[in-house]
Protein chains: 2
Amino acid sequence: MQTVKGIGVRASLVCCEAGAAGRGFRLVLKPSLSGIHGDTMTENGCEYRDRVLTMDTMNPNVKRVEYAVRGPIVQRAVQIERELKMGIKKPFTEVIKANIGDCHAMGQKPITFFRQVLALCSYPDLLEDSKFPEDAKSRARRILQACGGGSLGAYSTSQGIEMIRQDIARYIEQRDGGITCDPDNIYLSTGASDAIVTMLKLLVSGEGMSRTGVMISIPQYPLYSAALADLGAVQISYYLDEDNCWSLDISELRHALQEAKKHCSPRALCIINPGNPTGQVQSRQCIEDVIRFAAAEKLFLMADEVYQDNVYADGCKFHSFKKVLFEMGLEYSEKVELASFHSTSKCYMGECGFRGGYMEVVNLDPEVKVQLTKLVSVRLCPPVPGQALLDVVVNPPQPDEPSYDTFIKERTDTLATLAEKASMTQEILNQVPGIKCNPVQGAMYTFPRIHLPPKAILEAKEKGQVPDMFYCMKLLEETGICLVPGSGFGQRDGTYHFRMTILPPKEKLKIVLAKIKEFHQHFMEQYS
Amino acid sequence: MQTVKGIGVRASLVCCEAGAAGRGFRLVLKPSLSGIHGDTMTENGCEYRDRVLTMDTMNPNVKRVEYAVRGPIVQRAVQIERELKMGIKKPFTEVIKANIGDCHAMGQKPITFFRQVLALCSYPDLLEDSKFPEDAKSRARRILQACGGGSLGAYSTSQGIEMIRQDIARYIEQRDGGITCDPDNIYLSTGASDAIVTMLKLLVSGEGMSRTGVMISIPQYPLYSAALADLGAVQISYYLDEDNCWSLDISELRHALQEAKKHCSPRALCIINPGNPTGQVQSRQCIEDVIRFAAAEKLFLMADEVYQDNVYADGCKFHSFKKVLFEMGLEYSEKVELASFHSTSKCYMGECGFRGGYMEVVNLDPEVKVQLTKLVSVRLCPPVPGQALLDVVVNPPQPDEPSYDTFIKERTDTLATLAEKASMTQEILNQVPGIKCNPVQGAMYTFPRIHLPPKAILEAKEKGQVPDMFYCMKLLEETGICLVPGSGFGQRDGTYHFRMTILPPKEKLKIVLAKIKEFHQHFMEQYS
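Keep in mind the model is a prediction, meaning the values are calculated, not measured.

Which residues make up the overall build of chain A, and what are the values?
The number of helices and strands found in chain A is 21 helices and 16 strands. Expected size for 528 residues packed as a compact globule is a radius of gyration near 24 Å; at 24 Å, chain A falls within 12% of this value. In terms of its C-alpha atoms, chain A occupies a principal-axis envelope of roughly 65 × 55 × 55 Å. The buried share of chain A, reckoned over its 528 residues, is 66%. Within chain A, counting contacts between residues at least 6 apart in sequence, those at least 24 apart form 70% of the total. For chain A, the centre of its 60 positive side-chain charges and the centre of its 63 negative side-chain charges are spaced 5 Å apart.

Go over the interface of chain A and chain B with me, naming the residues and quoting the values.
Contacts between the two partners involve 116 residues from chain A and, on the opposite side, 115 residues from chain B. When the buried area of chain A at its contact with chain B is split by residue, L53(A), Y155(A) and E367(A) rank highest and sum to 8% of it. Counting the contacts that link chain A with chain B gives six salt bridges. Taking the shortest distance from any N to any O, the salt bridge between R379(B) and D194(A) comes out at 3.6 Å. Linking chain A with chain B are 44 residue pairs in polar contact (both at pLDDT 80 or more), by the criterion used here. Considering only residue class, the side of chain A that touches chain B consists of 52 nonpolar, 30 polar and 34 charged.

Explain helix α21 (residues 506-527) of chain B to me, and be specific about the residues and the numbers.
All names here are of chain B. An ideal rise of 1.5 Å per residue puts 32 Å on 22 residues; α21 measures up with 31 Å between its terminal C-alpha atoms. Of all the residues in α21, the buried ones are L509, V512, L513, I516, F519, H520, F523 and Y527. Within α21, the buried residues cover an arc of 130 degrees as seen down the axis, which keeps them to one side. Structural note: α21 exposes E507, E518 and E525 on the side pointing more than 90 degrees away from its buried face.

An account of unusual backbone geometry is needed here, citing residue identities and associated values.
Residues and elements named next belong to chain A. With an omega of 10 degrees, the peptide bond running from N276 to P277 counts as cis. Positive phi, close to 55 degrees, is recorded for W246, a residue that is not glycine. Along the chain, W246 falls in the loop between β6 (234-239) and α12 (250-260). For L380, which is not a glycine, the phi torsion comes out positive at approximately 70 degrees. Looking at the element boundaries, L380 is found in the loop between α16 (366-377) and α17 (384-394).

Provide a residue-level description of the relation of the copies chain A and chain B, including the pertinent values.
Least-squares fitting of chain A to chain B yields an RMSD of 0.0 Å, with the transformation described by 0.0 Å of translation along the axis and a rotation of 180 degrees. Viewed as a symmetry operation, the transformation between the two copies matches a two-fold axis. No C-alpha of chain A approaches the rotation axis more nearly than that of A119(A), which lies at 2.1 Å. The overlap is high: 99% of the interface residues of chain A also sit at the interface in chain B, so the same surface is used on both sides.

Any chance you could break down the domain arrangement of chain A for me, citing the residues and the numbers?
Residue and element names in this part refer to chain A. Taken domain by domain, chain A holds domain 1 (66-95 + 407-527) and domain 2 (113-394). For domain 1 and domain 2, the distance between their C-alpha centres works out to 28 Å. On the side of domain 2, 31 residues touch domain 1, which itself brings 30 residues to the contact. Among the residues domain 1 hides against domain 2, the three largest losses belong to N438, Q441 and A443. Together they make up 25% of the total. Where domain 1 touches domain 2, the interface holds zero salt bridges. Scanning the region where domain 1 abuts domain 2 turns up 13 residue pairs in polar contact (both at pLDDT 80 or more). Listing elements by their share of the side of domain 1 that touches domain 2, those giving two or more residues are α18 (404-430) and β12 (445-446). If one sorts the elements of the side of domain 1 that touches domain 2 by residue count, α18 sits on top with seven residues. Taken together, the residues of the side of domain 1 that touches domain 2 break down into 16 nonpolar, nine polar and five charged.

Can you break down the sheet that holds strand β5 (residues 212-218) of chain B residue by residue, with the values?
Residue and element names in this part refer to chain B. What the seven strands build is an open sheet, ordered β4-β10-β9-β8-β7-β5-β6; its pairing is mixed. One side of each edge strand has no neighbouring strand; the edge strands of this open sheet are β4 (186-190) and β6 (234-239). When strand polarity is set aside, the average angle formed by the axes of neighbouring strands in this sheet is 25 degrees. Bridge count between β4 and strand β10 (residues 356-362): five bridges; the pairing is antiparallel. Along β10, the bridge assignment pairs Y187 with M359. Against the sheet, helix α16 (residues 366-377) contacts β4 and β10, and its axis sits at roughly 30 degrees relative to β4.

Explain the packing of helix α18 (residues 404-430) of chain B against α21(B) to me, using residue names and the numbers behind them.
Residue and element names in this part refer to chain B. For the pair α18 and α21, interaxial distance at closest approach is 10 Å and the crossing angle is 15 degrees. The angle between the axes of α18 and α21 places the two elements in the roughly parallel class. Where α18 crosses over α21, the two elements pack in a sense that is right-handed. Residue-level contacts link T417, E420, K421, M424, T425, I428 and L429 of α18 to K506, L509, K510, L513 and I516 of α21.

Outline the UniProt feature "domain: Aminotransferase class I/classII large" (unreviewed entry) in chain A, listing residues and values.
UniProt feature "domain: Aminotransferase class I/classII large" (unreviewed entry): in the numbering of this structure it lies at residues 127-516 of chain A. The span residues 127-516 of chain A is 43% helical and 15% strand by assignment, and the distance between its end C-alpha atoms comes to 49 Å.

If you had to explain the pattern of salt bridges to someone new, which residues and values would you point to?
Summed over all chains, the structure comprises 62 salt bridges over all chains. When the shortest N-O distance is used, the salt bridge between K137(A) and E134(A) registers 3.8 Å. Here K137(A) and its partner E134(A) are both found in helix α8 (residues 134-145), three residues apart, which amounts to about one turn of the helix. K137(A) sits in the buried class, given a relative accessible area of 5%. Residue E459(B) pairs with K463(B) through a salt bridge whose shortest N-O separation is 3.3 Å. Residue class for E459(B) comes out partly exposed when judged on its relative accessible area of 26%.

I'd like a rundown of the environment of A456(B), residues and numbers included.
Mapped onto the fold, A456(B) is located in helix α19 (residues 454-462). With residues near it in sequence (within four places) discarded, A456(B) still touches F470(B), F523(B) and Y527(B).

Explain the packing of aromatic side chains residue by residue, including any values.
Applying the stated criterion to the full structure yields 29 aromatic pairs over all chains. Summarising the aromatic geometry, the rings of Y348(A) and F407(A) are spaced 5.9 Å apart at their centres and angled 75 degrees between planes, so their arrangement reads as edge-to-face. Here Y348(A), found in the loop between β9 (338-343) and β10 (356-362), pairs with F407(A), found in helix α18; they are 59 residues apart in sequence, far enough to count as distant. Neither Y348(A) nor F407(A) differs from the other in exposure class; each is buried. By the ring-pair criterion, three or more aromatic residues cluster together here, those being F470(A), Y471(A), F498(A), F519(A), F523(A) and Y527(A). Looking at K322(A), its charged tip hangs above the ring of F326(A), at a distance of 5.5 Å from the centre. Over the aromatic face of Y445(B) sits the side chain of R499(B), whose NZ or CZ is 4.0 Å from the ring centroid.

Just give me the short version of the sheet that holds β10(A), but keep the residues and values in it.
Residues and elements named next belong to chain A. Taken in spatial order, the seven strands of this open sheet run β4-β10-β9-β8-β7-β5-β6, and their pairing is mixed. With one partner strand each, in any of the chains shown, β4 (186-190) and β6 form the two edges of the open sheet. Averaged over all pairs of adjacent strands, the angle between strand axes in this sheet comes to 25 degrees, irrespective of strand direction. In this structure, strand β7 (residues 265-272) lies alongside strand β8 (residues 300-304), joined through five bridges in parallel fashion. Bridged to I272 within β8 is D304. Lying over the sheet, helix α9 (residues 162-175) contacts β4, β9 and β10, oriented at roughly 110 degrees with respect to β4. Each of β4 and β10 touches α16; the most contacted strand, β4, lies at about 30 degrees to it.

Let's hear about the state of the cysteines: which residues, and what values?
Summed over all chains, the structure comprises zero disulfides over all chains. A disulfide-free cysteine, C381(B) has its sulfur positioned 8.0 Å from the sulfur of C352(A), the nearest such atom.

What counts, and where the lines are drawn
Residues numbered from 1 in each chain as written. Chains lettered and ligands numbered in written order. Predicted model: local features only at pLDDT ≥ 70, side-chain atom pairs only at ≥ 80, totals over all residues. Heavy atoms only, no water. Helix = DSSP H or I, 4+ residues; strand = E, 2+ residues; numbered from the N terminus. Rg over C-alpha atoms; globule rule 2.2 N^0.38 Å. Buried < 20%, exposed > 50% of the residue type's maximum accessible area, 1.4 Å probe, protein only. Contact = heavy atoms within 4.5 Å. Lys, Arg positive; Asp, Glu negative; His and termini not counted. Charge placed at Lys NZ, Arg CZ, Asp CG, Glu CD. Buried area = accessible area lost by both parts, 1.4 Å probe. Salt bridge = Lys/Arg side-chain N within 4 Å of Asp/Glu carboxyl O. Polar contact = N/O pair within 3.5 Å; in protein donor to acceptor, adjacent residues only side chain to side chain. Nonpolar A, V, L, I, M, F, W, Y, C, P; charged D, E, K, R; others polar. Expected span 1.5 Å × (residues − 1). Arc of directions from axis to C-beta. Least-squares fit on C-alpha atoms with pLDDT ≥ 70 in both. Domains from an automatic or database assignment. Pairing = 2+ DSSP bridges. Axes fitted to C-alpha atoms, helices over the stretch in contact; angles between N-to-C directions. Parallel < 35°, antiparallel > 145°, perpendicular 65-115°, else oblique. Left-handed = near helix turned anticlockwise from the far one by under 90°. UniProt positions renumbered as here; feature names shortened; annotations may be inferred. Phe/Tyr/Trp six-rings, centres within 6.5 Å; stacked < 30°, edge-to-face > 60°. Lys NZ or Arg CZ within 6 Å of the ring centre and 35° of its normal. Disulfide = S-S within 2.5 Å.

So, in structure tokens, the structure goes:
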């Protein structure tokens, strides 16, 4: 797989990166072992063993896969937590994980109505319980009627429960000002990741010069680079413009595409809006330009819109690719192939654990659609509790229903708090000399640039670490704060960043930001 | 992909097979279209459109994927259900789906305790509710304490919640008479299918002669052939011995392996025990022989044991590959690489919709394990409600707990009913001249052989259908009973079968069997 420098550099870390188990982790730090065929470590020490499945014989594409959001720094964070439990003294008392957009883990409370419906669906005896509001009960009854045998425990159709796909279609039509949505174009999935990987899989073919190339932004969410490595596709990197709020510049798209055409067959363009890890919200104009570009260059559009409700900055508004596409007229709306993705994991619900998600496909070749339906049928169906949750997300309490006020209050409070934390994060970080971050217009992350002194970069390289990994590891060891190095998302050569979520509770977030400020100042002194 | 005749023949049905949408279905019956690049049907009729993603440009491996359990016959069954709703007259009033092991859809009731715990976990306010038994509450509290932020909505570690992996390890140790199980060797998954595909993915490498070959039984569960097609691996088919209760004959394994070595590199051997679709339960002797064979031939063993609690026949007992392996001594227990799979979908719980599953890996190269952990981290985590369900499955009510008696009664009744239906099915079918089925020793299916008259085979071929597909389609149209043709699982050339679940309620099952009997007799007269 062709990779951007930023990611390429981390190749040496692949093994280390996924050192989940203590044993595994120690082992992979012994490069001397990795070469010897089938020679492996066991509890009883090192003994020769001729295994079938070894580093030499395993799937080479899997070896190339990297996923920084759960990489070595997170593994180390888990170790440190264990060490703290064991009573080992540290300059801090707890590890704060700001590495992943895991809302509930950071204390965000679930929406009461959603959980009531899920409890009713899980244990229908509760439908007789007067403690549950009528609207929650009617939602649950409706969902159960759409389930085989009236149970969440039955398989659904592979594309997802038809009634839920109809509800999603109505929700999308409302969101997009009445532009029609065909429930038959909706595919439910195990989180958005599942649908994204499925679409990419359909798109990958050819060998050598004709191998499928897929354009992804840099910085990117590493699911994309990981999936492309796994599928043996060519990653075509286009850089977002950090100096302009991480905006997308069409000339950069054009440049990246021209370069890529020399060694692969570009087939798809992936966009994340609002941006992860960069937090920008794309203007309507930008989206139009991207659509025109995709149409002119014959690229399949993949729009990752899982943060569509997470827009905070004044003057910013979420525009769905679907809506813009259809408002650009038949020339585009009947021509451009689009898959857009949404999920229950983010926005105001933050229900990551249920792995609920869906995609809408537009202008997909009907024969390919048959193939897509066949492909998803092999995995039988997405988790039905996640489908049920998705149904209440797209079909929440209405003004005339008993749960409406509570629902609105909970949703508004959650989004307001996120907005507050977004601006607080950028303000405080921008006060630190040597740290510069763009406004967090949307999503759940800040991706500030950090200026590292040459001495630090040198020491990192001596340690065989990417400089921002070195920085983040040091931060973790000294403060207990777990961030993800920018190199895990890709960045321009010679620039360094970290991704931090804005999710910790306000008071804790203040402390985190103060600690980062203090650490950075001290780091600069130490290496100046 | 190399395929067995039985499956190969169905290639012509691939498009038709997945014709989920009415439109898609009509379209794929127009072979004239399928060739023309990018030419596709739209609501507004047929117009030329130059698409990026077409049958010509899509991933060729995906085109080769087939999955009969949800194939054309099921698509037709869904259409017929719609037609019945629309008031179209049929010789029957309802479609009975005996095509898939979907317990709750067939009326099996969930285990009360499991659903109580799931409701408590979904909506923790219920922990204050006196209507819930204390043991359900304590389980729910314990699970929530192991979840990030005490919520099912938080991501878990990618390998699965550590506490749940510990509970699973204890459960396996108990099952296997104390043989130790390391929680670090447990990986939770999105149903067993997910874990099976992940292990196969790790195993696939090489090109041409050195391409990975994987041995699977014929008849097989089509997840295996589908995954191998998707991964571009070589399917090595070994035939089960229908004349001896679908038993596994080592000489057949040896023969299939020798043949395969001429054109690929055999690396893994997949076993399904109890068998799907064939319902046999392997003897301890047979499992020992398989392990010796795998050790001698350096094959990675994959044991699909999702039906481990579904054993009905007298004298039959489930032996786990792990237990037998470890009882064969260090020579094997320290050498043979094994992955075994289990799920919440079958057995007495039948909770398919939650997509809960796990695998245990034994003797996996520690470095490969690091790669496995990295690979699963890209999908973040398995559905947490499914993980919670799995935890209560392996940690059910104990004799001193309030829910114990109800739990035991529900479990016993469910398994007893299944046993009854298993013997009833085989008895009645064996009374039909021209149908011969082996005893359903375990699992949830019968796979009877049907003798089709030459005239029927001829008419099928004229229709471009595999003879047993022709038979099952006719059965569906005339009786509303939905079965899966044997060709979807693979079978010896010139033999024909169908797979039928034993899951319909007893009274309904009697009717189904009577209808099949009547249909078959009439079919034989018609074509004799």
